[in-house]
Amino acid sequence: MGLHGVKAVFFDLDNTLIDTAAAGRRAIEERPPRPLQVISALQSKHHYGEGEARAVCDKVQAKLLKECHDPAKMCITDLRISHWEEAIQETIGGEANRDLAAECYYLWKTTRLQHLTLAEDTRAMLTELRKGLRLLLLTNGERQTQREKIEACACQPYFDAIVVGGEQKEEKPAASIFHYCCDLLGVQPAECVMVGDSLDTDIQGGLNAGLKATVWLNKAMTAPVDTSPVPHYIISSVLDLPAVLQKMEHNTNSKLETDLMPGSNE
């Protein structure tokens, strides 16, 4: 593609390149004859009512959204089994059932990973972009969890480098992790574009690091509650990115032409 001033694009992973949220929902809600999912497993194997099974899963989803993980204190597996254990006890009462919690967690995790795929059109886009640009995957999150997702969706061949926040001193939106990515690729921040679905981490981080541009993936195309941070570009599909990059190239070329025009006093 070869763009004036742009040498690299950083991509977020979750809900940008892969639909992690949808995979998590499918892991909870799909029913036979598909692989046994958590709700149907709780009903058929453990004789929960549908309302009870859904309540357990809803509580786990809420816990995941508020999750605060310190790897120095507990591994991610133990923490997430605890989410299920607490949700079961809060819903059903009685004594804690660690074995059932572990069964639910592993069923949810395995099924979610099965549904994490890099769509064919996204693969084609990355392949085309990489002909003229360096591509880097930059994802926040716990090391093991994110590496498992990366392995599951088989996205490694499409990137020049992969950086997981949980393996670094700081995660997005800290400028340091973006500068680390720049160093990996041998580029300057002003030569890079960040693409992601989170205003707080992807867009704010790109702005903090002084990147050339930030591109916010807003699938619903809803206006943000806050006006800050403000991305340079907004797209409703990651497949719209090439058009944005072409627009950036056009704007750069127009500026170059303007700068080269002789002044009226010459």
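What you see as residue numbers is a count from 1 along each chain, following the sequence as written. For a predicted model such as this one, the threshold for reporting local features is a pLDDT of at least 70, and the threshold for listing and counting side-chain atom pairs is 80 or more; totals across whole chains, interfaces and linings nevertheless cover every residue. The basis for every side-chain value is the complete set of non-hydrogen atoms in the structure, without hydrogens or water.

In the nomenclature of an unreviewed UniProt entry, the protein chain corresponds to NANP phosphatase from the organism Calcarius ornatus.

*Asks:* Give a detailed account of the overall build of the protein chain, specifying residues and quantitative values.
*Replies:* When helices and strands are counted, the protein chain shows 10 helices and 6 strands. Projected onto its principal axes, the C-alpha coordinates of the protein chain cover approximately 85 × 40 × 35 Å. In the protein chain, which comprises 266 residues, the share counted as buried stands at 44%. The Shrake-Rupley method, run with a 1.4 Å probe, gives the accessible areas here. Residue values count only the displayed protein chains as cover. When the accessible surface of the protein chain is summed, it comes to about 13,500 Å², and 51% of that surface belongs to carbon and sulfur atoms. Mean positive and mean negative side-chain charge positions of the protein chain (28 and 38 charges, respectively) differ by 2 Å. Here a helix means four or more residues in a row that DSSP labels H or I, a strand means two or more in a row labelled E, and each is numbered from the N terminus. When a residue's accessible area, from a 1.4 Å probe over protein chains only, is under 20% of the maximum for its type it is buried; when over 50% it is exposed; and in between it is partly exposed. In summary, the charge assignment counts Lys and Arg as positive and Asp and Glu as negative, without counting His or the chain termini. Lys charges are placed at NZ, Arg charges at CZ, Asp charges at CG and Glu charges at CD.

*Asks:* Describe the nonpolar core, and please don't skip the residues or the numbers.
*Replies:* Nonpolar core, defined: a set of buried Ala, Val, Leu, Ile, Met, Phe, Trp, Tyr and Cys residues in which side-chain atoms within 4.5 Å join the residues together. Formed by 33 residues in total, the largest nonpolar core has its most connected members in Val9, Phe11, Phe159, Val193 and Leu241. Among the elements of the structure, β1 (8-11), α6 (120-129), β2 (134-139), α7 (143-153), β4 (192-196), β5 (213-217), β6 (233-235) and α10 (241-260) are those that each provide at least two residues to this core. When neighbours within four sequence positions are excluded, Phe159 is seen to be in contact with Phe11, Leu17, Leu126, Arg130, Leu135, Leu136 and Leu137. Counting 21 residues, the second-largest nonpolar core is a separate cluster that includes Val38, Tyr48, Cys57 and Tyr105. Residues are treated as being in contact if the distance between any of their heavy atoms lies within 4.5 Å.

*Asks:* Could you give me a rundown of helix α8 (residues 175-185), with the residues and numbers involved?
*Replies:* Buried within α8 are the following residues: Ile177, Phe178, Cys181, Cys182 and Leu185. Within α8, the buried residues cover an arc of 145 degrees as seen down the axis, which keeps them to one side. Contact partners of the buried residues in α8: β1, β2, β3 (161-164), β4 and α9 (199-208). Following α8 by one or two positions, Gly186 adopts a phi angle in the positive range, close to 70 degrees. Along the arc lie the directions from the helix axis toward the C-beta atoms.

*Asks:* Please provide a residue-by-residue account of the domain arrangement of the protein chain, values included.
*Replies:* How big an interface is tends to be stated in terms of the accessible area lost upon association of its parts. Domain annotation of the protein chain identifies domain 1 (8-19 + 118-260) and domain 2 (20-115). Each partner contributes to the interface: domain 1 provides 10 residues, whereas domain 2 provides 11 residues. Put simply, buried area is how much 1.4 Å-probe accessible surface two parts lose in total, over both of them, once they are put together. Here domain 1 packs against domain 2, burying approximately 830 Å² in sum over the two surfaces, 48% of which is carbon and sulfur. Between Lys or Arg on one side and Asp or Glu on the other, a salt bridge is scored when a side-chain nitrogen of the former is within 4 Å of a carboxyl oxygen of the latter. Across the domain 1-domain 2 interface, the total number found is 1 salt bridge. A salt bridge links Lys109 to Glu148; the shortest N-O distance between them is 3.0 Å. Polar contacts, as counted here, are pairs of nitrogen or oxygen atoms within 3.5 Å of one another; within protein the pair requires one atom able to donate a hydrogen and one able to accept it, and residues that are adjacent in sequence qualify only if both atoms are side-chain atoms. Our enumeration of links across domain 1 and domain 2 arrives at 8 residue pairs in polar contact (both at pLDDT 80 or more). Here the nonpolar group is Ala, Val, Leu, Ile, Met, Phe, Trp, Tyr, Cys and Pro; Asp, Glu, Lys and Arg are the charged ones; every other residue, Gly included, is treated as polar. Considering only residue class, the side of domain 1 that touches domain 2 consists of 2 nonpolar, 3 polar and 5 charged. In this entry, domain limits derive from an automatic or database-based domain assignment.

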